[in-house]
Structure formats: structure tokens, C-alpha cells
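Listed below, chain by chain, are the residues.
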Amino acid sequence: MDRIAQAFARARSENRACFVAYLCAGDPDLETSISACRAVLENGVDVLELGVPFSDPLADGLTNQLAAQRALESGMTAARVFELVRRIREFSQVPIVFYTYYNLVFANGVENYVRLAREAGVDGLLTLDLPPEEAGEVVAACGKHDMKTVFIVAPTTPNARLPIITAAATGFIYYVSREGVTGVRDQVAANIPEAVARIKAVAKNLPVVVGFGISTRAHVTEVAAHADGVVIGSALVNCIRDNLSQRERIAPALAAKAADFALGVGR
Amino acid sequence: MSNASVPKIDRFSLPDAGGHFGVYGGVYVPETLMTALQELEQAYEAAKNDPQFQAELKHHLKEFAGRPTELYFAERLTNHVGGAKIYLKREDLLHTGAHKINNALAQVLLARRMGKKRIIAETGAGQHGVATAAACAKFGLECVVYMGAVDMERQSLNVFRMRLMGAEVRAVDAGQKTLKEAVNEALRDWVTNVRNTHYVLGTAYGPHPYPKMVRDFHRVIGLEAKEQIRAREGRLPDELIACVGGGSNAIGLFFEFLEDTEIRMTGVEAGGRGIRRGEHAARFAGGRLGVLQGCKTFLLQDSDGQIEPTHSVSAGLDYAAVGPEHAFYHERGRIEFAYATDDEVLAAFQLCSRLEGIIPALESTHALAYALKRAKELPKEKIIIASLSGRGDKDVQQVQAMLAAKTGGK
């Protein structure tokens, strides 16, 4: 069983949801980012979603836009993102999923990128601006190199599209719980149980994780009752943003935050 | 030039059902927008085939926008250059000052038909924003326009015009604070408010169906020009020239002539301060294939695929990507691409103002600068049509400052 499937199987056996943490690779710089990833990975994270910083993150809210900007300004490149993954693999076998934009995957050849990412230790690929209709090359390359694919379902996705999306996904389905961009919200979207059930009816054995706007432990518990995984992004990235002037505080702040969220995934 | 190597062109065969022009185009957006784009495509196709919609559009294009526009023989520019005849397609005479109203008006009518009450748009130079604001004012729709903070500064007159017409102009402070960032922000708004909002995208760019739909709404430029030049000269022109940011005025003029392969067509990009990283927006001179803001096309990007900064004297051409249909016909060798530098544009801007009494938009002046160059190379019996896509009222303050800087303030 691959690392992604193992993580979901383990959570299921413990009657809880997976804790999926999002951090931007290289935010605010490579070394701090490694310690930031270590901090969350040592505090209950089951799947690490690594944002690959892009100049034009059109699906992201301000928190993640600024994180990507910090990473790029600190000198993150494709090569350094792969280096970050290799360094994480020295201390952790938690599945890592790239959360990225298609031009970064496409720029030097899709198969080449997938192969390099896989060699570095990446387990899955989620490309925000790549609907399944355009994903043939990515799906084929991921199949060839044993990389799992992750695709998004949105509240606006009609049932007729679900088979197209679930057919392209091999890792899990990411349900975006609301229309909009990433970011902290006061409340969790109301209709998550129905949406997850709607996807599961078509997705069969694929896990369904829920993200976008989930930012407190109470939110996590609410969503964990229905989903196989809960994604926390901006709320973690804010721990970095709030400690930029004293970067040694970032890892402890993230550790405490992650530990708190991890208490919320039980059912 | 010989077009012997160009395979036969069927201009209506593209894009395919998925929005592809060969390898270019397509739909590269977050899942949240997929259904909205499919609904838009269906609504557009239905409207296109609905005589009532077409009649309504034609009516407003005439009475509100001021179509048809003249095809004007630029006699003094022609004499000055001493070569081919230069005709200008006067889209600058349209209401709100540029060709942009053709598309803005049509999309706003379409949005009404779709029952969308809220309109958003991006704008670079402000011409598309002004056109959208005007159409929304006319039909009583809420209008929000995203504009880079740098563009708001250099096109402050257009910001005021939009606000006068009741639009809310939102400054975008991310990145380079120009058109690309405004598009990102408009897309973020659309993802958030997709159920009640229509995004009036302003150029022949983005995810399907925009490149096709915007092209179709500007086809009127070429349809008129073809008829006008026949009436005037009894024949078709030898060359067509238009500036290309996203490429809407260019594809609007070119489309009707694509199959007349003896006619040379040139899109003129922004050469800025020269073809060096961050100094220009000439995608065919310094770019390569990539995916940005909804479609696959030529992009200015670094080796990792990060989008590179751009520069142009004209906010409307200051953009890292080009419309997919242009990329396709570039690859096919049907549309050629050149660029004009900021300095060439500044010179042509003054020349056209002085000799013709027409102050062109800085964007359109790129086409003009290249047309002057080409006319000089061609004999007097040849005919060039250049698209004067917009008027330069919005640019006079900026040009004044630039000229003052050049002459040391004297």
C-alpha cells in the first residue's frame, strides 16, 4: 500500500479523520520551512500538503499569496522545492502532496516534473488550475511514475461531472467546501455532510478530504465527523506570518497549533 | 511574402469543442469555475443563434457605441512616409474611446440574458473597464472593476470615468500591480461569487469560451473594414496591422481576412525598453509555451515556469501572455508578429497627432509605429489598414510627463 492509502487506512482504523496540513514550501525561507514542516509532522499531521510557490496563485487568498511571495523572494526554485522534500524525507515518511499550479508542472515537461518530484519523495500531485478535461498528460505521467493524483470537487460541481473527476483521481478527492479562494473563515460551510456523501456515492474507495476555510479545532471536529480528512492551511500559514520578525518562534508556534488541531480529528 | 507553405485555413473550424486552437487555448481553471464556463458557453451559443439577441446587440452597437466606424485614409501620414497608403480603422471614434465597447456591451447583454445581476471586469489601460462601466450604467447592473495600482496611477483619468459611471474600482496591490494581477483578482472574485456574477473578460484570452466569444464580438471590425476598403479602393488591402496585448482588436480585424492568404497580417507587441527580461511584453520575441490564467499559449516565463515581469509604456499591452488564437496562427505562419519600442511609440504618437489631428491610444500607436515602418518599405500602390483601436485622451498626461523627462523638463 502506498503512503497516502496507508495514512487514510491508519486514521480509519483509529476511528478518526486524517489531519492534512498545508504549508508553502520555502515560506519564509528554506531552512525555516524545513523546521516548520518538522514541527507539524511531529504533532499529529497525517498528510503534508506542500504548496509550491507560484507567481500567480489565482486560487489562493491573501494569506497563501503572501506565503508564496515570501518563498519566492527567499530564492525558492523548483530545484529547492525538491531539496526541501528530500530533507523532510530524512526524518519523516508522512505522505507529501504537492499543491501547485499547472505552469510549474508543464514548464519543463510534465513527465520530467512528475519523475523528479517522485524521486524527491512526493506522493501525490494536486494541480489547482488543471481540470480533468485537460489532465490527460498529467494523469498518464503520474500513472507511469506511481504518483497519486488529487482532483478537486467544488460546491458548484454538478453530479454529471463527478465520474469524470473521480476517474482521474488516484490519491484522494479534495472537496473545496465553499466557493472562493483559500483563507480563514469564521464558520464551516453548512452542507458538507451532503456534499461528502454525494462524492462518496461516486468515488467508491477514494478518500474525500475537505478544505478551504477550516480554521479552528471546533471546525475540524465538525468536518471530521463526515470526511476522511480535514485540510488546515491558512490557519497554519498565519503562524508563520505572525512570527516573521523572530523566525525561531515559527516552529514552536506551529507545533502548538498543529497539536491542537490534531485533537480535533477524532469522531 | 509567399504564403505557399501555409496550409489551407478554415477560420470557423477553431476552436474545437474544448476551446483548443491546435495545442493552444483550452480550459485551465479551478474546478469551481468549470460549470460557470460551461453555462456561459451554452448561453453564448444560444444567443449567437438568436436573431432577437443579434438585433438587440446591433441596435446598441449603433445607437450607444456609434458603429460603424470610419475607415480613414491617413493622407498626410502616407505622404510623410512616401510609401504604401495607410488607412486607419477608427475604433477610437467609438463611445468610451476604444474597440473594447464592442465586447463589453455584448457580454453585458449576455449577462442580462443569463440573469446575472453583478458584473466584474479587469482592466489594464482602463478602456475595457470604462466600456464595461458604461454598459453596466446603461443597463443598471452592479459593476466592480479590478485594476492594478500602478495602472490606476498612470491611467487616473479612466479611474475617474469608471467611478463617474457608478462602477466600483478596486485597486490590486499584488505583484507588479498591473493587468496580470488584476486578472488574478477578478478570477478570485468570480470563484467566490460565481453564482450571481458574470466576469466580463476584456480580451481574446482566458479559458474557453472567452477567446472565441470575445473574438466573435469584435469580428464586426474586420467585417466593416473589408466592405469599406472594397468600396473605397475596389480591392482588398495588402497588409493588416494591429497591436496585440491579449489580442482582441487584432483578431477582430484579422478574422475576416484569415482565408485571404495573400494579405499579410502583423500583430505588434510591446517592445518596451528592449527585449530583455522585465523590459518588454513581446511574447513571441521572448516567450515560450505555458499556461496562465485559463489557457495554454505563449508566455514570458522563467525556466521554472514562474511568470516574468513585463514592461510597456502602454498599460493595455503590458501583459505576460497572448491570446491563444494568435499563438496558433503564429505557429501556422498566418499571422506575423513584430514589436514596437516605447521610443518608437512615443515618436509615432506625436507624429500622428501633428499630421492627422488624431491622438491615438498608446496601445494603438504600436500598430501605427509599425505601419509607418512598413509603409516606407512598400510601393505607393500598396494598401495597409492599421487598427486605430483606441483614442489617446487617457494618455496625454503620461506622454506629457515622459516628454518633459526626455527634454529635462524644458
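Along each chain, residue indices are assigned from 1 in the same order as the chain's sequence is written. Here every chain gets a letter starting at A, and every ligand a number starting at 1, in the order they are written. Where totals are concerned, whole chains, interfaces and linings use all residues; where local detail is concerned, this predicted model gives features only for residues with pLDDT of at least 70, and gives and counts side-chain atom pairs only at 80 or more. Side-chain measures were taken over the full set of non-hydrogen atoms in the model, leaving aside hydrogen atoms and water.

Engineer: Please clarify how the side chain of Gln107 of chain B should be interpreted in this entry.
Structural biologist: Residue and element names in this part refer to chain B. Per the convention used, a helix needs a DSSP run of H or I reaching at least four residues, while a strand needs a run of E reaching at least two, with both numbered from the N terminus. If you trace the backbone, Gln107 turns up in helix H4 (residues 100-113). At a separation of 3.1 Å, a polar atom in the side chain of Gln107 contacts the main-chain carbonyl oxygen of Leu201. By the convention used here, residues are in contact when the closest approach between their heavy atoms is within 4.5 Å. The contacts of Gln107, once residues within four sequence positions are left out, are His198, Tyr199, Val200, Leu201, Tyr210, Met213, Val214 and Phe217. N or O atoms within 3.5 Å of each other form a polar contact, as long as, within protein, one can give a hydrogen and the other can take it, and as long as residues adjacent in sequence are counted only when both atoms are side-chain atoms.

Engineer: Explain the interface of chain A and chain B here, please?
Structural biologist: Accessible area lost upon the coming together of the parts serves often as the stated size of an interface. Opposite the 37 residues of chain A that make contact, chain B presents 36 residues. Note on terms: buried area is the combined drop in 1.4 Å-probe accessible area of two parts once they are placed together, counting the loss on both. Where chain A abuts chain B, roughly 2,900 Å² becomes buried across the two surfaces, and 49% of that area is made up of carbon and sulfur atoms. Of all residues in chain A, Asp56, Leu58 and Glu134 of chain A bury the most surface against chain B, accounting for 22% of the area lost on that side. Salt bridge criterion: a side-chain nitrogen from Lys or Arg within 4 Å of a carboxyl oxygen from Asp or Glu. Ionic pairing is found between Glu31 of chain B and Arg161 of chain A, a salt bridge with its closest N-O pair at 2.9 Å. Of all elements in the fold, only helix H3 (62-73), helix H5 (102-106) and strand S5 (148-153) of chain A reach the threshold of two or more residues within the side of chain A that touches chain B. Considering each element in turn, the side of chain A that touches chain B owes the most residues, four residues, to H5 of chain A. The classification used treats Ala, Val, Leu, Ile, Met, Phe, Trp, Tyr, Cys and Pro as nonpolar, Asp, Glu, Lys and Arg as charged, and all other residues, Gly among them, as polar. Among the residues making up the side of chain A that touches chain B, the classes are represented as 22 nonpolar, eight polar and seven charged.

Engineer: Any chance you could explain the domain arrangement of chain B here in plain terms?
Structural biologist: Residues and elements named next belong to chain B. The domain architecture assigned to chain B consists of domain 1 (28-62 + 100-210) and domain 2 (69-97 + 219-406). The split into domains, and so the bounds of each, comes from an automatic or database assignment of domains. Computed from C-alpha coordinates alone, the two centres of domain 1 and domain 2 are separated by 23 Å. Between domain 1 and domain 2, the residue contacts involve 31 residues of the former and 40 residues of the latter. In this assembly, domain 1 packs against domain 2 so that about 2,600 Å² is buried in total across both faces, 55% of it on carbon and sulfur atoms. On the domain 1 side of the contact with domain 2, Tyr28, Arg154 and Tyr205 bury the most area, a combined 28% of that side's loss. Linking domain 1 with domain 2 are one salt bridge. In this structure, Arg154 engages Asp318 in a salt bridge whose closest nitrogen and oxygen atoms are separated by 2.9 Å. Summed over the shared surface of domain 1 and domain 2, the result is 15 residue pairs in polar contact (both at pLDDT 80 or more). Those elements that place two or more of their residues in the side of domain 1 that touches domain 2 are H4, helix H5 (127-139), helix H6 (149-154), helix H7 (156-164) and helix H8 (179-193). For the side of domain 1 that touches domain 2, the leading source of residues is H8, giving five residues. Here the residues of the side of domain 1 that touches domain 2 sort into 14 nonpolar, twelve polar and five charged.

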